[in-house]
Amino acid sequence: MNSVTQLDCLIDDLIEKNVPFACWFQSSSDSPQLIAGSENDIIFPASIEALSRVRGFAFAPFKISDNAPVIVLQPAIHLKGYDQIQSFNPESLTSAPFSRETKDPCISTEFHDYLVCVNHAIEQINAAKFSKVIVSRRICKERKSESMGRLFLEMHDANPAVFVFVANLPKAGLWMGATPELLFRSDGRHAQTVSLAGTQPRRPDGRYCWFTKEIEEQAFVSRYTVDVLHRFGFSTYQTKGPQDLETATVAHLKTSFFFSGDPIQDRLGEFVEQLCPTPAVCGLPKVAAARFIQDFEPHDRRYYTGFLGPWRLGQSGTDVYVNLRSMEIEDNQYVLYIGGGITARSNPEQEWEETTQKSRTLLNAIEALQGQETRDWKQETRG
């Protein structure tokens, strides 16, 4: 059994046993990391600010609630690379697994309903209630008998330049995704954050023409990031961009901000709490945009557009990403969450198409695996 097969089998085994774990590939890395433990290794910080005093794998929601708390899986077991994973015996996890909650089947957002919400957002923007808001929708797709470990690796193979993860945690459930948006990175001495917004389909020639709507959308996020840096006393920092960021299916505009990590080393939670939710996933002003989302989005985002990743984890430091291009995996279906930034220049039909393009990151991987397993089954029955 090779190391890749060992990893997908381990992931399937942990899911079957319903053990708390998280496995991920850092962006542009082929070396997986995995944290696993028991319920005793799970903590629920009361706020994002409280993360300053813990370490582990952080999983934070869009809005903290009883249904979606901040979760940290402490590193009882932390494996780095295929060699360590291959030598790990999951039977060493002897603690009782946590129970999953039974949920009603998800219903995909209809085209008409999404357009009604987008049009209402544009009306509110024109009435000067806010300048930008993100409107999301859900796509529900049947889950068959495919291996979640294989799906995770399929997603990484198709999206090697982004942060790819699978996590199974109490209160949150089973999630998987491939997110391109770095929220915050720090090794102690150096820190980085990113403003990412504006979307168009990926071009084979890599040559993009960005329109006013997309440039303004990205500028909203960059200005907010600068405000947060000033709030924490950063008078000097370096920027790179705006530049194109390509994923497997779409491209975005990205500006990177580089600054010293020393002044906020003991205030990481407080700093990240000010950053998120960023205008790229909520809107501006944040309070008014968040109120619109709560009042008019017909579903609970839960952990979609929150953040996740290793937090103050040894030499890995902190490397957390916005929870985009992600899905909640239930017993019989995948619940995909996708959204788009709405401004005064938005066209509702084009916004629907943009979310459709974004959904292909997940759907392509699911459909490729389901198609392969169907072909394998047909070959076995012929044999």
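Structure's up top.
The notes below deal with the structure included here. Everything quoted here is computed from the prediction, not taken from an experiment. (Residues numbered from 1 in each chain as written. Predicted model: local features only at pLDDT ≥ 70, side-chain atom pairs only at ≥ 80, totals over all residues. Heavy atoms only, no water.)

## Section: the sheet that holds strand 4 (residues 56–60)
Then comes step 1: Taken together, 9 strands build an open sheet; the order of strands is 3-5-4-15-16-10-11-13-12 and the sheet is antiparallel. The open sheet has two free edges, formed respectively by strand 3 (42–43) and strand 12 (238–246), since each of these has just one partner strand.
Then comes step 2: Pairing geometry for strand 11 (residues 190–201) and strand 13 (residues 250–260), over 11 bridges, is antiparallel. Its bridge partner lying in strand 13, A191 is registered against F259.
Then comes step 3: Packed on one face of the sheet, helix 5 (residues 212–231) meets strand 11, strand 12 and strand 13 and runs near 165° to strand 11.
Then comes step 4: Along the sheet, helix 6 (residues 268–275) makes contact with strand 10 (182–186), strand 11, strand 13, strand 15 (307–311) and strand 16 (318–322), crossing strand 10 at roughly 160°. (Pairing = 2+ DSSP bridges. Helix = DSSP H or I, 4+ residues; strand = E, 2+ residues; numbered from the N terminus. Contact = heavy atoms within 4.5 Å. Axes fitted to C-alpha atoms, helices over the stretch in contact; angles between N-to-C directions.)

## Structural notes on unusual backbone geometry
Then comes step 1: Omega for the bond connecting G241 with P242 falls within 30 degrees of zero, at 5°, which places this linkage in the cis form.
Then comes step 2: Examined against the element boundaries, P242 turns out to sit in strand 12.
Then comes step 3: Here the residue pair C276 and P277 is connected by a cis peptide bond, since its omega of -5° sits within 30 degrees of zero.
Then comes step 4: For R302, which is not glycine, the phi torsion reads 55° and is therefore positive.
Then comes step 5: In this fold, R302 is placed in the loop between helix 7 (286–296) and strand 15.
Then comes step 6: The backbone of R312 shows a phi angle near 50°, a positive value even though the residue is not glycine.
Then comes step 7: Structurally, R312 can be placed in the loop between strand 15 and strand 16.

## Some details on the sheet that holds strand 6 (residues 77–80)
Then comes step 1: One open sheet holds the 9 strands; their spatial order is 6-2-1-8-9-17-18-7-14, and the pairing between them is antiparallel. Of all strands in the sheet, those with a lone pairing partner are strand 6 and strand 14 (283–284), marking the two edges.
Then comes step 2: Relative to strand 7 (residues 132–142), helix 3 (residues 111–126) is tilted by about 170°, and along the sheet it contacts strand 7 and strand 18 (333–342).
Then comes step 3: Strands in contact with helix 7 are strand 7 and strand 14; relative to strand 7, the strand with the most contacts, it is inclined by about 35°.

## Focus on the pattern of salt bridges
Then comes step 1: Evaluation of the coordinates by the stated rule reveals 15 salt bridges.
Then comes step 2: In this structure, the salt-bridge partner of R53 is E49, at a minimum N-O distance of 3.6 Å.
Then comes step 3: When salt bridges with common partners are traced through the structure, they connect K132, K213, E217 and E351 into a single cluster. (Salt bridge = Lys/Arg side-chain N within 4 Å of Asp/Glu carboxyl O.)

## A short note on helix 5
Then comes step 1: The terminal C-alpha atoms of helix 5, which comprises 20 residues, lie 28 Å apart, in line with the 28 Å expected from a rise of 1.5 Å per residue.
Then comes step 2: When helix 5 is considered as a whole, its buried residues turn out to be K213, E214, E217, Q218, F220, V221, S222, Y224, T225, V226, V228 and L229.
Then comes step 3: Positive phi shows up at G233, right after helix 5, with a value of about 85°. (Expected span 1.5 Å × (residues − 1). Buried < 20%, exposed > 50% of the residue type's maximum accessible area, 1.4 Å probe, protein only.)

## Some remarks on the pairing of strand 9 (residues 173–179)
Then comes step 1: Burial within strand 9 is extensive, with 7 of its 7 residues counted as buried.
Then comes step 2: Direction of pairing for strand 8 (residues 163–169) relative to strand 9: antiparallel, over a ladder of 7 bridges. Within strand 9, the residue paired with F165 across the bridge is G177.
Then comes step 3: One ladder, built from 4 bridges, connects strand 9 with strand 17 (residues 326–329); its direction is antiparallel. When the bridges of strand 17 are listed, G177 appears paired with S326.

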